[in-house]
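A look at the structure
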Amino acid sequence: MKIARISLHRLAMPLVRPFETSFGTQTERDVLLVHVVTSDGVEGWGECVAGTDPVYSSEYVSGCEHVIENYLAPAVLAAPDITAETLDAHVRFVVGHRMAKAAVEAAVLDAQLRASGISFGRYLGAVRDEVDCGVSVGIAPSIDELLDEVSGYVSEGYRRIKLKIKPGWDLEPVGAVCALLGDDALLQVDANTAYTLADIDHLRELDAFGLLLIEQPFAEEDIAGHAVLAAAIDTPVCLDESITSAAVASDAIDRDATSIVNVKPGRVGGYLESVRIHDVCLARDVPVWCGGMLETGVGRAANVALAALPGFTLPGDTSASRRYYAEDLTEPFELVDGRLRVPTGPGTGVTVRRELVAEWATRPPLLLH
Ligand code: SMG
Ligand code: MG
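Residue numbering note: each chain is counted from 1, following its sequence as written. Chain A is the first chain written and ligand 1 is the first ligand written, with later ones labelled in order. Where local features are concerned, this predicted model is filtered to residues with pLDDT of at least 70; where side-chain atom pairs are given and counted, the filter is 80 or more; whole-chain, interface and lining totals use all residues. No hydrogens and no water enter the side-chain calculation; it runs on all heavy atoms of the structure.

Some remarks on the sheet that holds strand E11 (residues 288–290)
Strands were regarded as paired on the criterion that DSSP finds at least two bridges between them. Here a helix means four or more residues in a row that DSSP labels H or I, a strand means two or more in a row labelled E, and each is numbered from the N terminus. Spatially, seven strands are ordered E5-E6-E7-E8-E9-E10-E11 in an open sheet, and the strand pairing comes out parallel. In the strand order of this sheet, the two ends are held by strand E5 (134–137) and E11, each with one partner. In this sheet, strand E7 (residues 187–190) lies alongside strand E6 (residues 160–164) in parallel orientation, the contact comprising four bridges. Paired with Lys 162 across the bridge in E7 is Gln 188. Whether two residues touch is decided by their heavy atoms; if any such pair falls within 4.5 Å, the residues are in contact. For helices, the axis comes from a line fit to the C-alpha atoms of the stretch in contact; other axes are also lines fit to C-alpha atoms, and the angle between any two N-to-C directions lies between 0 and 180 degrees. Packed on one face of the sheet, helix H11 (residues 271–283) meets strand E10 (260–263) and E11 and runs near 170° to E10.

Section: the coordination of the magnesium ion (ligand 2)
In this analysis a donor is any N, O or S atom within 2.8 Å of a metal ion (3.2 Å for sodium, potassium and calcium), and since water is not included, sites may seem incomplete. Ligation of the magnesium ion (ligand 2) by protein atoms is provided by Asp 190 (OD), Glu 215 (OE) and Asp 240 (OD), these donors lying 2.1 to 2.3 Å from the ion. For the magnesium ion (ligand 2), the donor residues sit on a single chain with the sequence spacing D-x24-E-x24-D. Of the two residues, Glu 215 sits in strand E8 (residues 214–215) while Asp 240 sits in the loop between strand E9 (237–239) and helix H9 (246–254), which places them 25 residues apart along the sequence. One exposure class covers both Glu 215 and Asp 240, and it is buried. Burial here depends on accessible area, computed with a 1.4 Å probe over protein chains only, as a share of the maximum for the residue type. Under 20% is buried, over 50% is exposed, and the range in between is partly exposed.

Some thoughts on the packing of helix H5 (residues 143–156) against helix H6 (residues 171–181)
In contact at an axis separation of 10 Å, H5 and H6 are set at 40° when each is read in the N-to-C sense. Here H5 lies oblique to H6, going by the angle between them. Where H5 crosses over H6, the handedness of that crossing is right-handed. Each of Ile 143, Leu 146, Leu 147, Val 150, Ser 151 and Val 154 in H5 lies in contact with H6, whose residues at this interface are Glu 172, Pro 173, Ala 176, Val 177, Leu 180 and Leu 181. In what follows, roughly perpendicular refers to angles from 65 to 115 degrees, roughly parallel to angles under 35, roughly antiparallel to angles over 145, and oblique to any angle outside these ranges. Two helices that cross are described as forming a left-handed crossing if the nearer one is turned anticlockwise from the farther one by less than a right angle, and a right-handed crossing if clockwise.

With respect to the pairing of E10
Strand residues, when the strand is regular, have side chains that alternate between the two faces of the sheet. The alternating pattern of E10 places Ile 260 and Asn 262 on one face and Val 261 and Val 263 on the opposite face, and all of these are buried. Here E9 runs beside E10; their pairing, made up of two bridges, is parallel. By the bridge assignment for E10, Cys 238 is matched with Ile 260. Taken together, E9, H9 and E10 constitute a β-α-β crossover, and its handedness is right-handed. With the strands aimed away from the viewer, a crossover counts as right-handed if its path from the first strand over the helix to the second runs clockwise.

Re the site of ligand 1
Near ligand 1 lie 17 residues; those nearest to it are Ser 136, Lys 162, Asn 192, Leu 294 and Tyr 324. Definition of a polar contact: a pair of N or O atoms within 3.5 Å, with one able to donate and the other able to accept a hydrogen when the atoms are protein atoms, and with sequence-neighbouring residues admitted only if both atoms are side-chain atoms. Contact distances for ligand 1 include 3.0 Å between an oxygen atom and a side-chain N or O atom of Lys 264. Each accessible area is a Shrake-Rupley result for a 1.4 Å probe, and residues are judged covered by the shown protein chains and nothing else. Taking 440 Å² as the accessible area of ligand 1 by itself, protein coverage stands at 97%. Following the grouping adopted for this structure description, the nonpolar residues are Ala, Val, Leu, Ile, Met, Phe, Trp, Tyr, Cys and Pro, the charged ones are Asp, Glu, Lys and Arg, and the polar ones are all others, Gly among them. Its residues assigned to classes, the shell around ligand 1 shows six nonpolar, four polar and seven charged. Domains are outlined according to an automatic or database domain assignment. Residues lining the shell around ligand 1 come from more than one domain, with at least three contributed by each of domain 1 (3–117 + 353–368) and domain 2 (122–341). Any residue with at least one heavy atom within 4 Å of a molecule or strand is counted as near it.

See below:
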């Protein structure tokens with residue numbers, strides 16, 4: 001396959017409600033889409049999951065755009081023949097920048113699969129036609145508002161609730177939601193690196209709530225600290241930000257720093273690396289689940305396909321389109337009985353609404369060839 005043209009689209013999409021985490025509040029999504037066209041005229045789309053600012057990880061949208069425009073896209077366009085499987089050989093001269101690489105990989109893979117009539121799910125190894133869904137609930141202005149929001153999601157059918165926590169917003173909201181949901185509900189928390197080893201005794205108090213897991217309490221680089229925590233508390237530790245590759249996942253599991261793994265294709269450089277992480281975890285009996293980065297339908301379609309692999313045994317942050325956006329860039333993903341259906345059409349199986357890409361654009365597309 002030859003990629004003849006690449007265009008980069010930047011758009012703004014308001015969130016239906018602000019999303020507050022330990023590192024800040026987001027009210028809209030700054031979306032970067034990679035669009036590729038092959039020499040045979042087949043199109044593919046990929047979504048970059050980086051945020052506006054480098055606060056979840058070191059990557060951010062304008063940085064990704066720069067890296068794609070100046071390094072990744074020229075390398076892809078120069079290749080006489082390229083597929084998602086050979087892409088890494090062309091772009092590995094660029095150190096890191098996994099979210100940028102993942103967006104390009106997704107677009108190339110989408111075009112490749114559309115050309116051969118294969119869905120993402122079939123290609124990645126999906127074994128289910130629908131996936132259990134959870135929802136990630138931001139830090140709320142008050143406990144009452146948090147309980148209202150959680151109740152709304154429970155009545156929509158979500159199968160698992162995840163609460164964002166930070167120092168000063170942890171035991172009390174978690175206790176209140178735990179009381180609301182009862183003992184059988186799946187409840188987990190995500191600290192997005194807001195704690196340190198000095199907080200171990202405090203974090204141990206979360207054990208009383210029988211949580212499914214605590215996600216990424218310490219800094220991205222602190223695998224050793226997570227191992228200390230995991231040995232000191234009963235709540236299972238699950239790494240998100242720290243897991244940047246299958247090699248790191250394997251190492252973190254061997255060190256007992258994580259007993260459950262959050263897989264986000266953007267964070268690890270793409271869907272192929274995500275499958276490798278899945279395989280590493282499955283071989284060690286470590287459950288995985290699909291994380292989310294407030295994706296539009298473009299990224300969501302591929303994530304839902306990934307979440308249908310056999311090792312994805314916990315509900316993911318793969319919520320319905322309406323949890324994020326009044327209107328999605330593709331046909332909306334709708335929750336039925338707490339699940340989303342895995343698209344079956346070629347590639348991601350969804351259609352990008354070009355009129356909305358144009359309407360919501362924050363600048364003209366960058367055309368590369
Ligand atoms: O896509 O529903 C979603 C968001 C899930 O909480 C979520 N993601 O650390 O897991 C995480 C956060 C990062 C979000 S930053 C935009
Ligand atoms: Mg997380």
